[in-house]
Amino acid sequence: AHAAPHAIASAPLQRRARRGPPFPGRAEMLGYRHAFHAGNHADVLKHVVLLQLVDYMAAKDKPFWYIDTHAGAGRYTLTQGYAAAQREYVDGVGKLWDAGVLPEALARYVELVRTLNPHHRLKYYPGSPWIARMRMRAQDRLWLHELHPADYALLEQEFASGAVPARVLNED
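Here the structure is a predicted model, which means the values were calculated and not measured.

Novice: It is not clear to me how helix H6 (residues 104–115) should be interpreted in this structure. Could you clarify?
Specialist: In an α-helix there are 3.6 residues to a turn, and that puts residues three or four apart on one side. Between its terminal C-alpha atoms H6 stretches 17 Å, which fits the 16 Å expected from twelve residues at 1.5 Å a residue. Inspection of H6 places Tyr109, Val110, Leu112 and Val113 among the buried residues, and these make up the whole buried set. All buried residues of H6 fall inside an arc of 155° around its axis, so they share one side. Residues Glu104 and Glu111 are exposed on H6 and point more than 90 degrees away from its buried face. Of the surrounding elements, those touching the buried residues of H6 are helix H3 (41–58), helix H5 (93–97), strand S3 (124–126) and helix H7 (128–135).

Right under this line is the structure:
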């Protein structure tokens, strides 16, 4: 007994319907907000490496592009909202903020974070796009993608102007 051709053809569609959309997790990921984790130990490590990389690229004569496929909001307030609720930054950038002598790479990173906090109190934390832009030159380019609608709006506002032109896209 053979199944009818239309039943065979529709079986993959039936399985997909049971599994959900073709990109599982996409709707759920829109619930993820980087602000919960801004400034935590993993963010610090990523940003220290990013700072070294961008400084290296900016030392070259040729312009370069910084492309971020998950840019987030670009900058975060640590004293309210998501970051304040989780307080993950306390064990990350918070530990370095008041540290004494630091290795050169960490000292340069903390110095950059301090430029965002001129009142000597850790209130704001730079995201990757903000860190990159601070070290880029006018001939370099930023290309920033963010899918979450609220973070996209914040990112677009944050990068509406500046010495380094930025293209901000509401897509993955």
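Novice: Would you mind showing me how to read the packing of aromatic side chains here?
Specialist: Each aromatic ring pair is characterised by the separation of its centres together with the angle its planes make. According to the stated counting rule, one finds two aromatic pairs in the structure shown. With 4.5 Å between their ring centres and 50° between their planes, Phe36 and Tyr82 make a pair best called tilted. Of this pair, Phe36 sits in the loop between helix H2 (26–29) and H3 while Tyr82 sits in helix H4 (residues 81–86), placing them 46 residues apart in sequence. Relative accessible area serves as the criterion here: at 24%, Phe36 is assigned to the partly exposed category. Residue classification places Tyr82 among the partly exposed residues on the basis of a relative accessible area of 35%. When the ring centre of Tyr124 is taken as reference, the NZ or CZ atom of Arg75 above it lies at 5.4 Å. Against the face of Trp97 rests Arg114, its NZ or CZ located 4.1 Å from the ring centre.

Novice: Looking at this structure, how should I read the nonpolar core?
Specialist: Soluble globular proteins tend to bury their nonpolar side chains together. If you look at the biggest cluster of nonpolar residues, it comprises 38 residues, and the most contacted ones within it are Val93, Tyr109, Tyr125, Met136, Leu142 and Leu144. Taken together, the elements giving at least two residues each to this core come down to H3, H5, H6, H7, strand S4 (141–145) and helix H8 (149–158). The element best represented in this core is H3, accounting for six residues. Discounting residues that sit within four places of it in the chain, Val93 has contacts with Gly39, Val44, Tyr109, Val113, Leu122 and Tyr125.

Novice: Any chance you could explain the sheet that holds strand S5 (residues 166–169) here in plain terms?
Specialist: Strands belonging to one sheet form pairs held by backbone hydrogen bonds; the direction of such a pair is parallel or antiparallel. The sheet built from three strands is open, its strands ordered S1-S4-S5 with parallel pairing. The sheet is open, and its two edges are formed by strand S1 (65–68) and S5, each paired on a single side. Here the strands of the sheet are splayed against their neighbours by 10° on average, with no regard to which way each runs. Looking at chain direction, S4 and S5 are connected through four bridges and run parallel. Paired with Trp143 across the two strands is Arg167, which belongs to S5.

Novice: Is there a simple way to explain the pattern of salt bridges in this structure?
Specialist: Where charged atoms from two side chains of opposite charge approach closely, those side chains can pair. Considering all chains together, one arrives at eight salt bridges under this definition. For the salt bridge of Asp43 with Lys46, the shortest nitrogen-to-oxygen distance reads 3.2 Å. Separated by three residues within a single helix, Asp43 and Lys46 lie in helix H3, roughly one turn from each other. Classification of Asp43 by relative accessible area gives buried; the value is 3%. The partner of Lys95 in a salt bridge is Asp91, with the nearest N and O atoms 3.9 Å apart. Exposure remark for Lys95: the relative accessible area of 58% places this residue in the exposed category.

Conventions we followed
- Residues numbered from 1 in each chain as written.
- Predicted model: local features only at pLDDT ≥ 70, side-chain atom pairs only at ≥ 80, totals over all residues.
- Heavy atoms only, no water.
- Helix = DSSP H or I, 4+ residues; strand = E, 2+ residues; numbered from the N terminus.
- Expected span 1.5 Å × (residues − 1).
- Buried < 20%, exposed > 50% of the residue type's maximum accessible area, 1.4 Å probe, protein only.
- Arc of directions from axis to C-beta.
- Contact = heavy atoms within 4.5 Å.
- Phe/Tyr/Trp six-rings, centres within 6.5 Å; stacked < 30°, edge-to-face > 60°.
- Lys NZ or Arg CZ within 6 Å of the ring centre and 35° of its normal.
- Core = buried A, V, L, I, M, F, W, Y, C linked by side-chain atoms within 4.5 Å.
- Pairing = 2+ DSSP bridges.
- Axes fitted to C-alpha atoms, helices over the stretch in contact; angles between N-to-C directions.
- Salt bridge = Lys/Arg side-chain N within 4 Å of Asp/Glu carboxyl O.

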